[in-house]
Structure formats: structure tokens, C-alpha cells
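Topology and contacts: notes
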Amino acid sequence: MNLKKYFIRALHRLQKGPGYTYKELLVWYCDNTNTHGPKRIIKEGPKKKLIWFFLTLLFASLVFWQWGILINTYLSYNVTSSLSIGFKTMKFPAVTVCNANPFKYSKVKHLLKELDRLIEAALERILQPTQGNSSENISPPLDLELWHQIPLVLIDEHDKDNPIILDIFESKKSPEGNQTIAGNQTTTGNETTVGNQTIAGNQTAVGNETAVGNETTAGNQTAPPSAPANATSEEKKYKLAVKLCSHQGSDNCTYRNFTSAAQAVTEWYILQSTSILSKVPLQERIRMGYQAEDMILACLYGAEPCNYKNFTQIYHPDHGNCYIFNWGMDEEALNSSNPGAEFGLKLILDISQQDYIPYLSSAAGARLMLHQQKSFPFLKDQGIYAMAGTETSIGVLVDELERMGYPYSDCTMNGSDVPVKNLYSQYNTSYSIQACLRSCFQNHMIEICGCGHYMFPLPEGVNYCNNEDNPGWAYCYSSLRSSIRHRQICIDSCKETCNDTQYKMTISMADWPSEASEDWIFHILSYERDMSTNVTLDRNGIIKLNIYFQEYNYRTISESAATTIVWLLSSLGGQFGFWMGGSVLCLIEFGEIIIDSLWITIINVISWCKGLKQKRAQARYPDAPPTVSELVEAHTNLGFQHEDGGGLPRDEALPPEPGTPPPNYDSLRVQPLDILGPDSDAETE
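Presented here is an overview of the structure given in this document. A quick note: this is a predicted structure, and the numbers were derived from the prediction, not measured. (Residues numbered from 1 in each chain as written. Predicted model: local features only at pLDDT ≥ 70, side-chain atom pairs only at ≥ 80, totals over all residues. Heavy atoms only, no water.)

A closer look at the overall build of the protein
- Counting secondary structure elements, the protein contains 18 helices and 20 strands.
- With 685 residues in all, the protein has 41% of them scored as buried.
- Looking at the protein alone, contacts between residues at least 24 apart form 71% of all its contacts between residues at least 6 apart.
- Accessible surface, the protein as shown: approximately 39,400 Å² in total, 55% of it carbon and sulfur. (Helix = DSSP H or I, 4+ residues; strand = E, 2+ residues; numbered from the N terminus. Buried < 20%, exposed > 50% of the residue type's maximum accessible area, 1.4 Å probe, protein only. Contact = heavy atoms within 4.5 Å. Areas by Shrake-Rupley, 256 points an atom, 1.4 Å probe, with all protein chains shown as cover.)

Thoughts on the environment of Leu568
- In this structure, Leu568 sits in helix 15 (residues 565-580).
- Take Leu568: its relative accessible area is 8%, and that puts it in the buried class.

Description of the nonpolar core
- Ranked by internal contacts, the top residues of the largest apolar core, which has 65 residues, are Leu152, Ile168 and Trp268.
- By residue number, the principal contributor to this core is helix 5 (residues 105-127), which donates nine residues.
- Formed by 36 residues, the second largest nonpolar core is a distinct cluster that contains Val95, Ala292, Cys306 and Ile547. (Core = buried A, V, L, I, M, F, W, Y, C linked by side-chain atoms within 4.5 Å.)

Details of the sheet that holds strand 2 (residues 94-99)
- Spatially, the five strands line up as an open sheet ordered 13-14-2-16-17, and their pairing is antiparallel. Two strands in the sheet have a free side with no partner beyond their single neighbour: strand 13 (311-316) and strand 17 (384-386). This sheet shows a mean twist of 30° between the axes of neighbouring strands, independent of strand direction. (Pairing = 2+ DSSP bridges. Axes fitted to C-alpha atoms, helices over the stretch in contact; angles between N-to-C directions.)

Some thoughts on the environment of Phe103
- Considering the arrangement of structural elements, one finds Phe103 in the loop between strand 2 and helix 5.
- Note on Phe103: relative accessible area 1%, which makes it buried.
- The residues contacting Phe103, other than those within four sequence positions of it, are Val108, Leu277, Arg285, Met288, Gly289, Tyr290, Tyr315, Asp355, Ile357 and Tyr454.

Observations concerning the state of the cysteines
- The tally for this structure, following the rule as stated, stands at eight disulfides.
- Put simply, Cys451 and Cys465 are joined by a disulfide, and their sulfur atoms are 1.9 Å apart. Its S-S torsion of approximately 100° makes the covalent link between Cys451 and Cys465 right-handed. With Cys451 in the loop between helix 11 (433-449) and helix 12 (473-481) and Cys465 in the loop between helix 11 and helix 12, this residue pair connects regions lying 14 residues apart in the sequence. (Disulfide = S-S within 2.5 Å.)

Focus: the packing of aromatic side chains
- Applying the stated criterion across every chain, the model contains 25 aromatic pairs.
- Summarising the aromatic geometry, the rings of Trp147 and Trp268 are spaced 5.3 Å apart at their centres and angled 50° between planes, so their arrangement reads as tilted. One end of the pair, Trp147, is in helix 6 (residues 144-149); the other, Trp268, is in helix 7 (residues 261-277), with 121 residues separating them in the sequence. For the pair Trp147 and Trp268, a shared accessibility class is recorded, and that class is buried.
- Relative to Tyr552, the ring of Phe549 has its centre 6.1 Å away and its plane inclined at 75°; by these criteria the two rings are edge-to-face. Assigned by exposure class, Phe549 and Tyr552 land together as buried.
- Taken together, the ring pairs connect Phe87, Phe92, Tyr301, Phe311, Phe325, Phe549 and Tyr552 into an aromatic cluster. (Phe/Tyr/Trp six-rings, centres within 6.5 Å; stacked < 30°, edge-to-face > 60°.)

Some words on helix 15
- Taking 1.5 Å of rise per residue, the 16 residues of helix 15 would be expected to cover 22 Å, and the 22 Å separating its terminal C-alpha atoms lies within 8% of that figure.
- Those residues of helix 15 that fall on the buried side of the exposure criterion are Leu568, Ser571, Leu572, Phe576 and Met580. All buried residues of helix 15 lie within an arc of 130° about the axis, which places them on one face of the element. Of the exposed residues in helix 15, the ones pointing more than 90 degrees away from its buried face are Val566 and Phe578.
- Turning to helix 15, the residues buried within the fold contact helix 4 (46-75) and helix 16 (584-620).
- Positive phi appears at Gly581, one or two residues downstream of helix 15, with a value of about 65°. (Expected span 1.5 Å × (residues − 1). Arc of directions from axis to C-beta.)

Quick notes on the side chain of His453
- Here His453 lies in the loop between helix 11 and helix 12.
- By relative accessible area, which is 5% here, His453 ends up buried.
- Side-chain polar atoms of His453 contact the backbone nitrogen of Met455, separated by 3.0 Å.
- Discounting residues that sit within four places of it in the chain, His453 has contacts with Gln442, Met445, Tyr464, Trp473 and Tyr477. (Polar contact = N/O pair within 3.5 Å; in protein donor to acceptor, adjacent residues only side chain to side chain.)

Description of the pattern of salt bridges
- Within this structure, the stated rule accounts for 14 salt bridges.
- Where Arg117 meets Glu114, a salt bridge forms, and the shortest distance between an N and an O atom there is 3.3 Å. In this pair, Arg117 and Glu114 are both assigned in helix 5, three residues apart and thus about one turn of the helix distant.
- Here Asp399 ties to Arg555 by a salt bridge, and the two come within 2.7 Å at their closest N and O atoms. You can see Asp399 sitting in strand 18 (residues 390-402) and its partner Arg555 sitting in strand 20 (residues 542-561), a full 156 residues away along the chain.
- Assessed through its relative accessible area of 36%, Arg555 is described here as partly exposed.
- A network of salt bridges, in which partner residues are shared, links Arg256, Glu267 and Arg481. (Salt bridge = Lys/Arg side-chain N within 4 Å of Asp/Glu carboxyl O.)

Right, dumping it as C-alpha cells:
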């Protein structure tokens, strides 16, 4: 009802026109506002008016400046982190254990036989570069087709200004054989490209082909030149590099060199074995790995015995068969009743070190990781090694992280708002940033290289890379892995999880078993595993693990908003009150005068539009309206013509004159009797 009255009054004001001006409104505001300053402007004399006007304007500017800073601080959405310590019964973490060696060499040897022969011959030529080491003298002949797919080359640095690239197995001089490389080019990271070739490391390839050195092999063989007798150890050094080409026979190649031949051989062997194993079906790879009943010899959780059946098996490309305890996929996660080693998980593992692949796994031991239930274990990034022949005790402390979501941070609750398709969802695991980064890399690998890398899951309809179907996959993979742009794309696309649990570990080790007890322990374990009275185990393959909560105190690191709306309002009010003595009511008064100013502006605009309309009407009809006598004359005298003002053309007719026509006065005139007939008398009667 009040709103209706307000609009009626507003309509009357529009009809009447503006009742006050901007000046009157401003004077009224200064005289009635509760804000300090404006009232003094109209009350004081001319000089003080100027001073108070300047002070009011200055402090008002300071208020708006401070308000801008406060609002900008609030919109930055900063957070503060708080640490709290609690005590409760906690879920025991999921424990993943793997062998450092992914496959048993006895079961995978038939697949890697030619690869092993190649690397053995290559090492013989590298360590003893004599003419008798030609590949033609080896029986049976080596599979050089496999070698040339991803070859190893030597970079001879006897002449540091002109290093030479030498092929290890070369029956004929190849386009890149015996190339001279000089160090005048700049390098980025470990790769330098000159022409169509890239030398990884600090070498650069330039110039002409040269034959340098004191020694060449028969049959156009190329071998590392022998150093002079008086050469220093520094001068005798050479580097082994992996040659990666976009396709076989191409000049577009990259040389990844290493400071140690051991690193180069391991890297080369991983690339070649990856190509071979990628063609093996998953079930066959699982069969070639370490089985749970062979690897897990003993298990005890608290006071309850357990065995390999309490572990969930998954296949991990880096470590083969891995086994997860308390993963929580099929049953509820276990709780730990008390802290201490007596209430944790105790394992005895057999890693069968004697069956390791010699060139693939240079480290021996068990790889293990503690993680949340229903999360995928990324052992290569977050796992730790347990050494053979030791008892490793791991005390666990729990940190719970609670991050604030948007707009305070760019975290995600479950990964549903992440644009990257999670390839690890096929394991029914929860989202993690490691899964996102690897999925993003695999997607780029598929898009650019046309195939997927063996170490990551595959989407449907895509195959793993191998040398036969994808000859340039290693070159593409190496380029993509070193690409900062693609790496940054994945970092920008993936998000951290808002809630996370981290396990901090305190690790201690001791020799196990001791010399005094190893006989009976190995006898018992050998009998339980193989039903044999002979000792089939030794300390090079046995590991004991103790995993337990170090204490029941857990730490919660939580984020909270550094600035809230309450903080913003109180800060804005404090600045306004400090500089101008104002309050919220003063702001309402200021808003009222703004509304009144807008109202006056609307009224003036409407009045101006009305005046403009009247002027246009006067311009259309410039003559004055006819008088009453002219109207009467025009009605009685049909020949009467109104004066033409000349304002309008003659052919344009005037609109009808407004008003009621005058009465017909002929009925009042006296007529002769002879005109009246009998009918008239009858009518008068």
C-alpha cells in the first residue's frame, strides 16, 4: 500500500514538474547529514568554507582509497593455515609391497635373449675396443635390426674441440658415422641440435666427417680410438649416448648422452625391453612376475595371523606384480587398536634376488608405499626401498590436510571438475594429482606419437608403442618428456585434492637374521615355502618389515579464510568512522541524495521532452486558433473562407476545428404567413 502511494506521489511530481534544483538538494544534504565536514561547509565563512571543503574532499579520498585496498584484499581470497593435534582410533594405512625387479628372469629370458646378447657384445666392445670384437665374428650372428632401432653410440672426446660420434656395431660407414662434433654451439639442458641431429649433453655436432684416432677395425668397423700412453685419466674419458631418431634411417635424431656408461646401458635396455614387453598380453606378464605365495612368506597384523590371501594383487608396469594390504576395496579398512610395533603389520618377504634381470634392475630389495585406502600406489614417486638381509621398522605419523575449495584454492574434491580423463579410474581408485599428471601425459603421447607408453594405462582402442609398429616412438617420447610446454599444460589442467592424508615415516634398519640365528630361521622358512629340509633361502633375498603407528596423535593442517565478509564490513566501517566520523546511516543518507538526484534528472528529462514536443506542434501549426465568431460565420455562411496564414501549402487540408458547432438560429426568425401552410397549423396545434 505504501509503495502504491509513493508511485502516485511520484506521478503527481512528474505532472507538476521539478519542485527543487540540484543546488537546493545539495544544501539540504549538507545541513542535515550526520557525516562530519559537509555541515561546516555551508555554516562557516568564505575562507573556512574553502578549508573545510578541501579537508572533506581529502578525507573522503582517503576513505575511498582505503576501501579499495580492503576490497582488493578480500577479493584475493587469502587463507591462513592452522595446526591442530588430535587423538583417536585411526585406520591403518594401505600397504603396497613390490619387488624391485618386475619379472623373474627365468620366465622372461626367452623374450630378452637377443637383447641380452646385443648388450653383452656392446659392453665387450666398449670395455675392450679391439679389432677382434667385430659383430661379424660373433656366432650366432647378432640381431642388428633390433640394435639399429635404438642404437648406442660412443662420443670420443680425445680432442675436446672435435669430439667424434662412433657407432658400436657398424659394418658399413653410416651417414652419421665418424662425424666431427665441435663445441661452438650452445646447449639447452642435455640436448643440442645442429642441422637435423641433436647431441644430448654438452656436445654439439657440426662440420665435416673425419677419421680420427689411431685404430680402425677390419671390415669398415668403427671402434673407440685408444688413448695415447701418456694421456691422463681425464683425456681417456668418452661418453656413451642413446641415439633416438624420428624414424629409422632419418637424419632427424637426438643423442642422449650420459656421464656413465652404466646409466646409458640401463636407459637403453629399458627402452628396448619396453618395446618388447608392450606386445606381451597382460595375463602373461602377470604370470612372469613374482606370485604372492612365493613372495610373502609370513604375515602378522597385531595379534592376528594373515597370509598372501589378505593382499590384493595389481599389476604395476615399473615393478610387475604388487600386493596391497588393507586396500579397502572389497572389505572395510582395518583399525589399529594401539600404537607400537606389537600392534602393526609384520611381514617376511622373499625377493629371489638370484632371479633378477641383470640389465633391467640394478637395485635389489622390496619397494613399498603407505597410502590411503582406494588410492592407486605410485611407488616410483612416493615409495621407499627396504634392503635385503635387514629388518626394516617403519614408524608412521599421520597428517591430515584440509584445503579450502574455490575461490580460495584451485583444488578438487573428487576430480569431476578436472578436464583430464583419469585413465586410472579403471582400477576404481580415487582421484589424485599423480594419476591426473600421468593420464595427461599419456593423452598427449597418444595424440602426438600415435600410441601409448607402456608405463601408463591405455584408453580403449589404443595400443602400446613398440619398435615394429611405431619406429619413432622413443624419439617422440623423449621429445615429449623434455617438453616444458606440454608439462606446463598438464600442471595447469590438474588440481590438488582438497582433502588428503599423508603418512610421515621414521625408518630404522638392522641386520636380519643375525649370524647366530640365521641357520634355524632359514631352515624353517625354506621348509615352509618349499617343503624342503635343505636351506633354499639366504640373506640376499630375505626382508623383514615392521609397519606401525608411532603414536596415536594425528595432526590436522586445515585452511581457513584470512578475510571474511564480517572482517570486510568492520574494516570498511572503521575507516569511514576514523576519517569522516560516519556510520552506516550516513551511507544511507548519501544513497538517498543520489536517488533524489537521479529523480530530479528524470523529471528534468521528461519536462524537456514535453517542451520539445510542444515546440514541434507549434512549428506544425503556427497560426492562432479561430475565434468563436469565425466559427459561427463558417457554419452559417458556406462561402466563408478562413484566412490562409501561408504556413501550410494550399493543397494540404487543415484538420477539423475543435469545439461544438453553434445552434441553428433560423428557427427564431419571423416568417410571412403565406409561407405557413395548413400543415404548419396542424403541427402548432
